[in-house]
2 protein chains.
Amino acid sequence: EISSIRYLNPFPKDIIVSSDAVFPAEARHLQLRFHDKLKEALRFRAFLKSSLSETMNGLGYLDVETPTLFKSTSEGAREFLVPTRRAGYAYALPQSPQQYKQVLMASGLGGYYQFARCYRDEDHRADRQPEFTQMDLERSFATGETIMGDVEKVVQRAWDAMRGEYVLRDDGTSFTPVKRTAQQSLDDNSSTPATSDKVSEYPRISTPFPRMTYEDCMTLYGSDKPDLRIPNTILRVDENLSPDFVGMISHLESPIVEAWKLSLHEDVDRGEAQNFLRGFMETLHKSFHQNPDGAPQALAYDSSKPLQGFSALGPDGLRALQEAATPSSGLSDLQDGDMVVFQARRNRPHQGGWTKLGEFRVALYQAAVEAGLVERDDARFRFLWVTDFPMFTPDEEVDVGQGGSAGFSATHHPFTAPLGPEDVDLLFADPLRARADHYDLVLNGVELGGGSRRIHVAKMQEYVLRDILGLGDTKMAEFSHLLKALRAGCPPHAGFALGFDRFVAVLSGASSVRDVIAFPKNNKGVDEFAGGPGRISNEALETYHLQFKRRK
Amino acid sequence: EISSIRYLNPFPKDIIVSSDAVFPAEARHLQLRFHDKLKEALRFRAFLKSSLSETMNGLGYLDVETPTLFKSTSEGAREFLVPTRRAGYAYALPQSPQQYKQVLMASGLGGYYQFARCYRDEDHRADRQPEFTQMDLERSFATGETIMGDVEKVVQRAWDAMRGEYVLRDDGTSFTPVKRTAQQSLDDNSSTPATSDKVSEYPRISTPFPRMTYEDCMTLYGSDKPDLRIPNTILRVDENLSPDFVGMISHLESPIVEAWKLSLHEDVDRGEAQNFLRGFMETLHKSFHQNPDGAPQALAYDSSKPLQGFSALGPDGLRALQEAATPSSGLSDLQDGDMVVFQARRNRPHQGGWTKLGEFRVALYQAAVEAGLVERDDARFRFLWVTDFPMFTPDEEVDVGQGGSAGFSATHHPFTAPLGPEDVDLLFADPLRARADHYDLVLNGVELGGGSRRIHVAKMQEYVLRDILGLGDTKMAEFSHLLKALRAGCPPHAGFALGFDRFVAVLSGASSVRDVIAFPKNNKGVDEFAGGPGRISNEALETYHLQFKRRK
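Owing to the predicted nature of the structure, the values given are computational and were not obtained by experimental measurement.

## Focus: the interface of chain A and chain B
Piece 1. Counting residues at the interface gives 96 residues for chain A and 96 residues for chain B.
Piece 2. Here chain A meets chain B over a buried area of about 8,800 Å², counting both sides, of which 56% is carbon and sulfur.
Piece 3. By the criterion of area lost to chain B, the three top residues of chain A are Glu65, Arg85 and Gln547 of chain A, representing 8% of everything that side buries.
Piece 4. At the boundary of chain A and chain B, one finds 14 salt bridges.
Piece 5. A salt bridge links Lys49 of chain B to Glu65 of chain A; the nearest nitrogen and oxygen atoms lie 3.9 Å apart.
Piece 6. Broken down by element, the side of chain A that touches chain B gets its largest block of residues, 8 residues, from helix H2 (residues 36-58) of chain A.
Piece 7. Partitioning the side of chain A that touches chain B into residue classes produces 48 nonpolar, 22 polar and 26 charged.

## Structural notes on the packing of helix H7 (residues 270-283) of chain B against helix H10 (residues 356-370) of chain B
Residues and elements named next belong to chain B.
Piece 1. Where H7 meets H10, the axes come as close as 11 Å, and the angle between the chain directions of the two elements is 130°. One finds that H7 runs oblique with respect to H10. Handedness of the crossing formed by H7 with H10: right-handed. Note on element contacts: H10 touches H7 through Phe360, Ala363, Leu364, Ala367 and Ala368, opposite Phe276, Leu277, Phe280 and Met281.
Piece 2. Here the residues of the contact of H7 with H10 sort into 9 nonpolar, no polar and no charged.

## What about the sheet that holds strand E19 (residues 493-499) of chain B?
Residues and elements named next belong to chain B.
Piece 1. Taken in spatial order, the 8 strands of this open sheet run E1-E4-E5-E19-E18-E17-E14-E9, and their pairing is mixed. Of all strands in the sheet, those bounded by a partner on one side alone are strand E1 (62-63) and strand E9 (211-213).
Piece 2. The pairing of strand E5 (residues 131-140) with E19 spans 7 bridges and is classified as antiparallel. The residue bridging Asp136 from the neighbouring strand is Ala497, located in E19.
Piece 3. Helix-sheet contacts for helix H2 (residues 36-58) involve strand E4 (111-119), E5 and E19, and the interaxial angle to E4 is about 150°.

## A look at the pairing of strand E11 (residues 256-262) of chain A
Residues and elements named next belong to chain A.
Piece 1. Along E11, 7 of the 7 residues are buried, which leaves the element largely enclosed by surrounding structure.
Piece 2. Covered by surrounding structure in E11 are Ile256, Glu258, Trp260 and Leu262 together with Val257, Ala259 and Lys261, the residues of both alternating faces.
Piece 3. In this structure, strand E10 (residues 235-236) lies alongside E11, joined through 2 bridges in antiparallel fashion. Within the sheet, the bridge partner assigned to Arg236 lies in E11 and is Glu258.

## What about the confidence of the model for chain A?
Piece 1. Per-residue pLDDT for chain A averages 91, and the proportion of residues at 70 or more is 94%.
Piece 2. Note that pLDDT drops below 50 for residues 187-193 of chain A; the model gives that stretch 7 contacts with residues more than four away or on any other chain.

Thresholds, definitions, all that
- Residues numbered from 1 in each chain as written.
- Chains lettered and ligands numbered in written order.
- Predicted model: local features only at pLDDT ≥ 70, side-chain atom pairs only at ≥ 80, totals over all residues.
- Heavy atoms only, no water.
- Contact = heavy atoms within 4.5 Å.
- Buried area = accessible area lost by both parts, 1.4 Å probe.
- Salt bridge = Lys/Arg side-chain N within 4 Å of Asp/Glu carboxyl O.
- Helix = DSSP H or I, 4+ residues; strand = E, 2+ residues; numbered from the N terminus.
- Nonpolar A, V, L, I, M, F, W, Y, C, P; charged D, E, K, R; others polar.
- Axes fitted to C-alpha atoms, helices over the stretch in contact; angles between N-to-C directions.
- Parallel < 35°, antiparallel > 145°, perpendicular 65-115°, else oblique.
- Left-handed = near helix turned anticlockwise from the far one by under 90°.
- Pairing = 2+ DSSP bridges.
- Buried < 20%, exposed > 50% of the residue type's maximum accessible area, 1.4 Å probe, protein only.
- pLDDT = per-residue confidence, 0-100.

Printed below as a string of structure tokens:
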């Protein structure tokens, strides 16, 4: 029974609130308040964090906080600087707690983890934030195997906890986790939501996750983070193609040519398939069409046409192709409406994260999904370990070098250990061929995190930094604390970092990490709500013995 | 059965390891490895963090991460700047998530908490770190009462969990938490450690914690964070002293004179007491002797002397003093060896955190404890809420003003709500007399944290910033996001921030927060182990359109 009503704060009439009101990023407070999906994403995030922490504690990892006011070291990506009042000196915000956690291992801590805030001052391409959270972990007397096993345990338990608490609500194109109501048990899926959305259980996952080497990923999927939901692998076919066709799709001398097939729904007719393909090719980004290795060539199988639409391959072309086909490529079994894409590339070892065909494959598949033309993978969540990365990558392929003079940089970071004895030998003979004991965890084409066994012997670390990467004395000195710690009998150790924002985003069906961060920054690094970064005053700069650079 | 021994890493012979080896800060990796106490402190810290998180989750507070790349606002203490590649713009590292958490309340989140990294670029006096961790929390539709109650629950449960897992090992002058062994149950304290150290249970604590107003704290203890383990309160005695004596200890016109008594152990004899007192006064910091309000005057009670050693007070002086004594001052009951200290101060309202006698009281008590001359308080852990702080403090008393033109600043921060209706009225009439709904949690003289009910009405917030603090348009604009959020029907809310480093330090008997932080910075803000901050290069500065300031 209400006896009185008290007025706590007015609500202005110029704010329109309705269930479908769209608020701009500047009104994050209203988004958070009126967009249930966003608020639920924050609850889901907190749930996962708590669940992951619990398992990490149970596995004997110790939650240790490490500094974020670090110093600049030539570790890789660009760091933010934090000037100090001591003239000429600055802290740097670390891109990860990498060096401190290795020192913790050298200090005999056994196991460490932390939800660590990390920083990267880079062009905000793609879906990256200048500050992000990773669940960072490290363990002594561990190899990559130990860590992959532990990460599988942690993910599996978080997953099972999530299945217990959340179901998937699916509106056909995207899904959202929805807290299970009191009535819904794991086996009782009878309750129906008010809308026409489907509600289903999160599928089960099982460990160990499948593994694939970097080489296989690049060869079969054209990506070092393959989305295993996309059917059919890439097949190298240049030996099975006529020189005429190869010459038509590429000006390269003896290129590698690869083919990939996409099948549409059974009930998509030939005309529909060809319209879709034509539309897709027309709107394809120019970087595909203007590729110096040659543009992609997509052909659709059509039993009503001469040579089923593959006359460009020459009279025997299609047969030769099909005879070469591996089962996983699906090329031996072509049906009306199936599309086959051909793409040339330079004949050289894989470098970097993508081939052009790999990118095309993802783009075409996603377009087909959005157009409702392909079956969706029932498993929906496909985890994968990618292993055996090259230790070093030529500098042209990486964002920011490590400041050495070698012309190449550590693929991940210069503390990564070589994979096996033969890779140790290659460090001396041919470093670019040495493989690293590095592993990436990939889910549905998204890199959730990566880790490695680390170099734990000071002499080896020094060799990599000075002799392989070509760091001079000044840069070497930046690592003296780490070398000192390794030198004091540091045990072998390995670790991992889970990109927590991304983990939450993928599990909650969010298309951007911005949808699982309370106050995200836009792709220019601007907090559109609070208005940071702000103007610096001359007065503030003076505190740090700095001034604006004069324009010349 | 050992079948083989494999060599994993050498340990150099130039590192001497023994149980009493002392390693410098530069060898933090060796401190962590060989000083059990330090490693245990990190385990204890992780234990408390996990325990606090669990209770916060249970109370319905949601773990939400807020940005650390914020913008500079005139909120109080000095902020670090983080220059961006957009010329003239910088992020600022926040001293707390204050504004973001208030926006979360405006966004209808209900309850929020976070173990938040915070930053303060200040002179590293005392035991402060440029980066520190606080358990930050906020709740909607809450008053200070709600929050104090929740904090008590959280601390009580963490405390009980700690009592279940840890016992106190005491070496006479300091203590360490020691993980309970399998044999030790809560009631079985029979196991004896190898050393002569005493092992005991952590004492029980009970809630609610006692409360005291700022005025009472300053009057009775000379401090806004009184250490309740120190016996006897301060007594104002200028009306009971002869003008001669007052004139002797101060040149002030009509000063306030206060007295405080310290009793030593029963078995300390008069000579020992007087030697101790003489030694203490001789080594006392010059800021006491050179105090413009007058130096402290300490007298020891000695029944063998004329007027028991109090002849300076005049013939009737001691009797007048004793007749004025309150029971809590203990001055009516003087025994041989008891010391009484007199100190003058200006006759004006309390400002800031200490009176000179308050500082003297702590210094003398600590010296007596270290000399083994006083009984230790059995309860050992004395929590206290300090309430009813003034909303504003004259600028001379605060570190860094809020950039307004009023000549005073918000005592804590400008978002603190006035305590009651009479304080709202005082905002208009006499702001310096208005009390805030702010509460500090104090344990054994250490401020563990503070919080307040916040201003939740935009107009009131604007009035405080613009009209009371005198912020101009530019500075007002820095708060536009907060005002916008308050304006959209923000509910009343209140919160708290627990200084987690300090909480761990006090509970683990550490004399410095550095002993509970894996990689602390020294009092110049330098990470002596890793060597940060490092030199900035001109090249790095150019990225941010900055250069070193030319010397003139």
